[in-house]
2 protein chains.
Amino acid sequence: MSSHKPAAPDALTQKLGTFLALGREELAMLDELQGPRTYIPAGKEVVYQGQHGHAAYVLREGWACSYKRLIDGSRQIIDIGVPGDFLGLRSLLLRTSDQSFVTLTDVEVRRVVTSKLWDAFRKTPRLAGALLWAVSRDEAMVVEHLVSIGRRDALARTAHFLLELGARMRLVGRGSHDSYECPLSQSMLADALGMTAIHLNRVLRQLRESNLLVFREGVVRFIDREKLADMIGFDLSYLDQGGPVLD
Amino acid sequence: MSSHKPAAPDALTQKLGTFLALGREELAMLDELQGPRTYIPAGKEVVYQGQHGHAAYVLREGWACSYKRLIDGSRQIIDIGVPGDFLGLRSLLLRTSDQSFVTLTDVEVRRVVTSKLWDAFRKTPRLAGALLWAVSRDEAMVVEHLVSIGRRDALARTAHFLLELGARMRLVGRGSHDSYECPLSQSMLADALGMTAIHLNRVLRQLRESNLLVFREGVVRFIDREKLADMIGFDLSYLDQGGPVLD
DNA sequence: CGCGCTCTTGACTAGGGTCAAGTGCAGTGG
DNA sequence: CCACTGCACTTGACCCTAGTCAAGAGCGCG
């Protein structure tokens, strides 16, 4: 019941607001669904692959990612979490988590109070719809990611990924039209894109030398966003950012 | 209320039964959630990428798949649907469908009656949980698919995919321990696996000549399932087939 | 000061894509 | 009944994208 006075909306509220305008009661329920704020340092494994009875979180500040590790030791990053994203919500009902989650920076999270989820469905179905929408949207990103890895070459894949991240950051009020902070190392980016860090490095150089984008010192800066976007056919309709559906 | 007498359980009921034992009332609700049986011929596009106000279906008999098409005309198959699977449930809340669905064989489906979904959440939360579990499991498969394409070579990817399909078929009572019917053409399999049909053909030959599996005339037959499975480190724990959780 | 990590670049290799040609059907129409 | 077309599958030859191996630079940290 921390209804002191809703200050600037947090990232999740802001994102859900893209889907529909939340009322007073719904905002209260959204708050109730989350446990106290918790701070976790960078590099901490929050949930591990095979874990039983794992929790889900709302990522309020900082970055995290989910990944799977293969027997040969290589890993594939599934998904990057930025402020306003859920961590592990979609695998909550699985007996064992199918993936691991690590923090990439120091983060602020709130645990999802699963026991109240059913309440939310009963009392605030619009909110529940918004939450399911957010999960669906996350899933659409994973799907697009799969398509990228399956059918785009290294350059297009890299560009697409960085454009998408930019769009996601802007959606939650981080970063500007042509740049954003991105704390990923090259080897992580490579693990996300299904290639080697060495090759990623070459691709980044190519993007830089073609005056398309620069990724340096933790900042992605688009030099020619337009050109880049239609060079690779970037279409973010799958992010479903249509502005509030008022019902 | 088609409660004549529950005959042999259909594929979806059977699959949900893997997660939890459904009671009389829950089975009735599950039935109510589905519209009348409908038959659709092979090769029909049920939902197309970008479609507005698309529906979701339960696939009762036959095969279907979802895919995305890129600007250059190539396509990536996201997911194969076998009996008992949902089609398009996870993108129901998106304003426009982010992917297309085609039938691969003649199929029998029942439309999901979305207006009753909220009823289900209220009246039969255990059933609702089972449905969300099924969706989570589908997503876990997409994630594993992504990992495959990102980090496994063509041989392992192909073997993994065919092993997974076999496990899914068995789960819904289709196919035996060492073989199952698979109506996919090589070019479709290739589109699913993120490679060219030509290369897939070479890989299939290799699998055949190594006495691991044969895929011919619409039937996948494992010659040495064991060897194949641990050669590629196949671990189907992500399919979460643990037997009923009785609550 | 040295260790470890990220980033960078070059040289070489190989997995998988491209191109091309050919086989074996199943369907269709003369 | 047979040509003709189209599709799924096969195989070979060649090439290119991206992986592997190796070495070095810059930097934060104990």
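Look up: the structure comes first, before these words.
Quick caveat, the model's predicted, so the values are computed rather than measured.

1. So, the layout of surface pockets
For step 1, the next point in the chain: In this structure, the largest pocket encloses a volume near 1,300 Å³.
For step 2, the next point in the chain: Around the largest pocket, the lining comprises 48 residues; the ones closest to its centre are A:L93, A:L132, B:F121, B:A128 and B:L132.
For step 3, the next point in the chain: Those elements giving two or more residues to the lining of the largest pocket turn out to be α3 (117-123) and α4 (125-151) of chain A together with α1 (11-19), α3 (117-123) and α4 (125-151) of chain B.
For step 4, the next point in the chain: In terms of residue count, the dominant contributor to the lining of the largest pocket is α4(B) (10 residues).

2. What to know about the side chain of B:E144
For step 1, the next point in the chain: Turning to its location among the elements, B:E144 is positioned in helix α4.
For step 2, the next point in the chain: Classification of B:E144 by relative accessible area gives buried; the value is 6%.
For step 3, the next point in the chain: Those residues in contact with B:E144 that sit more than four places away from it in its chain are A:K68, B:R152, B:H160 and B:Y238.

3. Considering the relation of the copies chain B and chain A
Both copies of the chain are related by a screw-like operation: a rotation about an axis and a shift along it.
For step 1, the next point in the chain: Turning chain B through 180° and shifting it by 0.0 Å along the axis lays it on chain A, with an RMSD of 0.0 Å. Expressed as an axis order, the relation between the two copies is that of a two-fold axis. Ranked by how close their C-alpha atoms come to the rotation axis, the residues of chain B are headed by B:L146, at 2.5 Å.
For step 2, the next point in the chain: Residue by residue, 100% of the interface of chain B is reproduced at the interface of chain A, so both copies engage with the same surface.

4. Comments concerning the pattern of salt bridges
For step 1, the next point in the chain: Under the definition given, this model contains 32 salt bridges over all chains.
For step 2, the next point in the chain: Through salt bridges with shared partners, one network takes in A:K15, A:D85, A:E164 and A:R168.

5. Overview of the protein's contact with DNA strand C
For step 1, the next point in the chain: Not every one of the 16 residues close to DNA strand C is listed here, only the nearest: A:Q186, A:N201, B:A154, B:T196 and B:I198.
For step 2, the next point in the chain: Counting only the atoms of DNA strand C that lie within 4 Å of the protein, the sugar and phosphate share comes to 68%.
For step 3, the next point in the chain: In this structure, A:R202 approaches DNA strand C through a side-chain N or O atom, which is 3.3 Å from a base nitrogen.
For step 4, the next point in the chain: Looking at the surface near DNA strand C, the elements that each hand over two or more residues are α6 (186-193) and α7 (197-209) of chain A together with α7 (197-209) of chain B.
For step 5, the next point in the chain: Residue composition of the surface near DNA strand C, grouped by class: four nonpolar, seven polar and five charged.

6. So, the packing of aromatic side chains
For step 1, the next point in the chain: Throughout the structure, instances matching the rule amount to nine aromatic pairs over all chains.
For step 2, the next point in the chain: Ring geometry for A:F121 versus B:W118: centroids 6.0 Å apart, planes at 40°, classification tilted. Taken together, the residues A:F121 in helix α3 and B:W118 in helix α3 connect one chain to another.
For step 3, the next point in the chain: What makes B:W118 partly exposed here is its relative accessible area of 30%.
For step 4, the next point in the chain: Here the aromatic rings of B:F19 and B:W133 are separated by 4.8 Å at their centres, their planes lie at 10°, and the arrangement is stacked. Placement of the pair is B:F19 in helix α1 and B:W133 in helix α4, with a sequence separation of 114 residues.
For step 5, the next point in the chain: Here B:F19 falls in the buried class, since its relative accessible area comes to 9%.
For step 6, the next point in the chain: Put simply, the rings of A:W118, A:F121, B:W118 and B:F121 touch in pairs and so form one group of aromatic residues.
For step 7, the next point in the chain: Its guanidinium or amino end placed over the ring of A:F222, A:R225 lies 5.3 Å from that ring's centre, counting from NZ or CZ.

7. Description of the interface of chain B and chain A
For step 1, the next point in the chain: Taken together, the 51 residues of chain B in the interface contact 51 residues of chain A.
For step 2, the next point in the chain: Contact with chain A buries surface across chain B, with B:R95, B:L146 and B:R151 losing the most and accounting together for 21% of the total.
For step 3, the next point in the chain: Between B:R151 and A:D191 there is a salt bridge, with the nearest N and O atoms lying 2.9 Å from each other.
For step 4, the next point in the chain: Counting across the interface, chain B meets chain A through 14 residue pairs in polar contact (both at pLDDT 80 or more).
For step 5, the next point in the chain: Mapped onto the side of chain B that touches chain A, the elements with two or more residues apiece are α1, β5 (75-81), α3, α4 and α6 (186-193) of chain B.
For step 6, the next point in the chain: Among the elements that take part in the side of chain B that touches chain A, α4(B) stands out by supplying 18 residues, more than any other.
For step 7, the next point in the chain: Of the residues that constitute the side of chain B that touches chain A, the class distribution is 25 nonpolar, 13 polar and 13 charged.

The rules behind each value
- Residues numbered from 1 in each chain as written.
- Chains lettered and ligands numbered in written order.
- Predicted model: local features only at pLDDT ≥ 70, side-chain atom pairs only at ≥ 80, totals over all residues.
- Heavy atoms only, no water.
- 1 Å grid on protein atoms, 1.4 Å probe; cavity = no way out; pocket = protein on both sides within 12 Å on 5 of 7 lines; lining within 4 Å.
- Points joined across faces, edges and corners; volume = space filled by probe spheres on them.
- Helix = DSSP H or I, 4+ residues; strand = E, 2+ residues; numbered from the N terminus.
- Buried < 20%, exposed > 50% of the residue type's maximum accessible area, 1.4 Å probe, protein only.
- Contact = heavy atoms within 4.5 Å.
- Least-squares fit on C-alpha atoms with pLDDT ≥ 70 in both.
- Salt bridge = Lys/Arg side-chain N within 4 Å of Asp/Glu carboxyl O.
- Near = heavy atom within 4 Å.
- Polar contact = N/O pair within 3.5 Å; in protein donor to acceptor, adjacent residues only side chain to side chain.
- Nonpolar A, V, L, I, M, F, W, Y, C, P; charged D, E, K, R; others polar.
- Phe/Tyr/Trp six-rings, centres within 6.5 Å; stacked < 30°, edge-to-face > 60°.
- Lys NZ or Arg CZ within 6 Å of the ring centre and 35° of its normal.
- Buried area = accessible area lost by both parts, 1.4 Å probe.

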